[in-house]
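An overview of the molecular structure
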Amino acid sequence: DGNDDWWRTAVVYQVYPRSFADSDGDGIGDLRGLIDCLDHLELLGVDVVWLSPVYRSPQDDAGYDISDYQDIGPTFGTLADIDDLVAALHARGMRLMMDLVVNHTSDEHAWFEESRSSPDNPKRDWYWWLPPREGMAGGTPGAEPNDWASVFSGSAWEYDEASGEYYLHVFSRKQPDLNWENPVVREAIYSMMRWWLDRGVDGFRMDVINLISKDPALPDGIVNGPRVHEFLAEMHREVLAGRDRKILTVGEMPGTTVEQARLFTDPDRAEVDMVFTFEHVGIDHAETKWDLIPFRLPALKAVLGRWQAGLADVGWNSLYWNNHDQPRAVSRFGDDGPWRVRSAKLLGTVLHLHRGTPYVYQGEELGMTNHPFGGIDEFRDIESLNHYAQAVGLGADPEHVLASLRSRGRDNARTPVQWDDSPHAGFTTGDPWLPVDPHHPEVNAAAAIADEHSVFHHYRRLIELRHTVPVVAHGDFTMLLPDDEVVYAFTRSLDDVELLVLANFSGEPVQPDLDLADWADAEVLLDNVEPTNDDGWSGRLEPWQALVLRR
Ligand code: TEU
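What counts and what doesn't
Residues numbered from 1 in each chain as written. Predicted model: local features only at pLDDT ≥ 70, side-chain atom pairs only at ≥ 80, totals over all residues. Heavy atoms only, no water. UniProt positions renumbered as here; feature names shortened; annotations may be inferred. Helix = DSSP H or I, 4+ residues; strand = E, 2+ residues; numbered from the N terminus. Rg over C-alpha atoms; globule rule 2.2 N^0.38 Å. Buried < 20%, exposed > 50% of the residue type's maximum accessible area, 1.4 Å probe, protein only. Contact = heavy atoms within 4.5 Å. Axes fitted to C-alpha atoms, helices over the stretch in contact; angles between N-to-C directions. Parallel < 35°, antiparallel > 145°, perpendicular 65-115°, else oblique. Left-handed = near helix turned anticlockwise from the far one by under 90°. Nonpolar A, V, L, I, M, F, W, Y, C, P; charged D, E, K, R; others polar. Pairing = 2+ DSSP bridges. Core = buried A, V, L, I, M, F, W, Y, C linked by side-chain atoms within 4.5 Å.

Taking an unreviewed UniProt entry as the reference, the protein chain is identified by name as Alpha-glucosidase belonging to Nocardioides zhouii. For the record of the protein chain, the UniProt heading Sequence similarities (unreviewed entry) holds the text "Belongs to the glycosyl hydrolase 13 family."

Now for the overall build of the protein chain. When its secondary structure is counted, the protein chain shows 15 helices and 18 strands. The C-alpha atoms of the protein chain give 24 Å as radius of gyration, which agrees with the globular expectation for 551 residues (24 Å, within 12%). Taking the principal axes of the C-alpha coordinates as reference, the protein chain spans close to 80 × 55 × 45 Å. When burial is assessed residue by residue, the protein chain has 60% of its 551 residues classed as buried. In the protein chain, the proportion of contacts linking residues at least 24 apart, taken out of those at least 6 apart, comes to 69%.

Before going further, it helps to examine the packing of helix H6 (residues 228–240) against helix H7 (residues 258–265). Two numbers describe a pair of packed helices, the interaxial angle and the distance between the axes. With their axes 11 Å apart at the nearest point, H6 and H7 run at an angle of 25° to one another. When the axes of H6 and H7 are compared, the pair comes out roughly parallel. As for how H6 packs across H7, the hand of that crossing is right-handed. Counted together, Val228, His229 and Leu232 of H6 and Gln260, Leu263 and Phe264 of H7 form the full contact between these two elements. Across the contact of H6 with H7, the residue classes tally to 4 nonpolar, 2 polar and no charged.

The next point concerns the sheet that holds strand S7 (residues 157–160). Ordered in space as S6-S8-S7, the 3 strands form an open sheet in which the pairing is antiparallel. Single-partner strands in this sheet number two, and they are strand S6 (129–130) and S7. In this sheet, strand S8 (residues 165–168) lies alongside S6 in antiparallel orientation, the contact comprising 2 bridges. Looking across to S8, one finds that Leu130 is bridged to Tyr166.

A few words on the nonpolar core. Counting 146 residues, the largest nonpolar core has Phe20, Leu51, Met98, Met193, Trp196, Met206 and Met235 as its most contacted members. The greatest single-element share of this core, amounting to 8 residues, is contributed by helix H5 (residues 183–198). Sequence-distant contacts of Met235, defined by excluding residues within four places in its chain, comprise Leu100, Trp180, Tyr190, Met193, Met206, Ile209 and Leu240. Ranked by size, the runner-up nonpolar core spans 15 residues in total, among them Ala143, Phe152, Ala156 and Phe171.

As summarised here, the arrangement of the 5 strands in space is S14-S15-S16-S18-S17, forming an open sheet in which the pairing is antiparallel. Edge positions in the sheet fall to strand S14 (476–480) and strand S17 (523–527), since each has one partner strand and no second. Between one strand axis and the next, the sheet turns through 20° on average, direction left out of account. Across 5 bridges, the pairing between S14 and strand S15 (residues 487–494) is antiparallel. Along S15, the bridge assignment pairs Leu480 with Ala489. Each of S14 and S15 touches helix H8 (residues 297–310); the most contacted strand, S15, lies at about 20° to it.

Here's what the structure looks like:
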């Protein structure tokens, strides 16, 4: 339809299918389970579902290692199920965004099996194959073509005995990087994308899409390579443009700066609609995600404020606290103890009142928390398991490493969604692939929907505000109190409407250091603390209180 700007007031909900809802009792979430839970998403009010990978995959990296882009993994269902999901979402006025993982395939993809079969196979240069370093015997330590490390520990190069060459894998050794320099590779990917659009899919979340361009000389630094803008513009021309409907795209871009994001998301450049930055989820660790440093509010405000200012006149922000790679926000930035509900609502208010497209990760709307993992045997994620093996192998104290995994490990986001207080929280009738969180008797969808003061209904109100109050989606953003250690404050303005958002990131009451005389008669548009009288806001913020004033 002609309304191509529907997405600027949209909210996206990320489903990590393995952990969302299991319909056949195998302990793993699946497509039929998702279809059975669409009422939950419709009640919440979200517009788009981003579905993490359900393609055929050996599941080495939980589905981000794809062996067939045009078939569904049997544990998730079939192509008929995807068609049913598309139809069911469209019938509800919602849309489906698929996860596009094309920086790499699985090593079990037919393309790679052909490519590795021999050095003169026509698909050899569909991947990055290189000989051992000059004068070194292949397979011996230090003979790798360069000293790049894999994100999942160890070298980014895997030796192939048969051909005496190495192949590049920025992630696991079962995730060989595709060679985007090869136009035949690009066309194969564009053809697959068109095939999904022809099936009715409405968008793509593009996995590490800013790593696809690698300078053939392979100098250090693969983020935002020399041809990344050229490739995204080509993809837009070849696949996304000229459709009968708007195709929504978000590029996941580790290491991208707001200056780069202005180029990636400038509508006139027709590359992607928005990007996922990693800057704000990097403020509480040192050089690696495992080196924990305390979260400080001024650092968060500096990053989010810079991205709001940087994309104010051109481009567009995505807004997220959570996804399947990040620990649960209420445990990380809020208080998952006595103030769990109120701080979860506060985080929702702060994020959803920024300018950009908010993403709700499954369970975030329930105030789900990190999981109390015990020993290394309780973890499933390759990133955590490989890091533990490497760190302990190098002499690190296992308890110290486990403390990092418990705080930052991706498994925290991957425990099953908690639907009710029955065994396994209604996620499965079988044994869940990852334990259900022990808080589920009180933290679950059934309880949340029945309680008008729940995190769920607060998120439902936030989404409703974005759909009905123009200043929320379109208003100018101004950060206030940048150096304040506990109060997050900003305004939004559009025409003659102004909002003031105030949030107390602490367990103590606080008087915001602001002259609020002009807001004395303002309407309280949204609050996460029940008013004790009808005199309007007192001017003091209670512990973890977040409120939105309108004038
Ligand atoms: O993540 C990209 C990425 O860089 C993350 O691995 C991130 O750096 C790390 O998880 C921080 O904890 C995407 C997917 O979201 C992730 O699930 C995949 O593992 C990865 O790409 C490879 O496909």
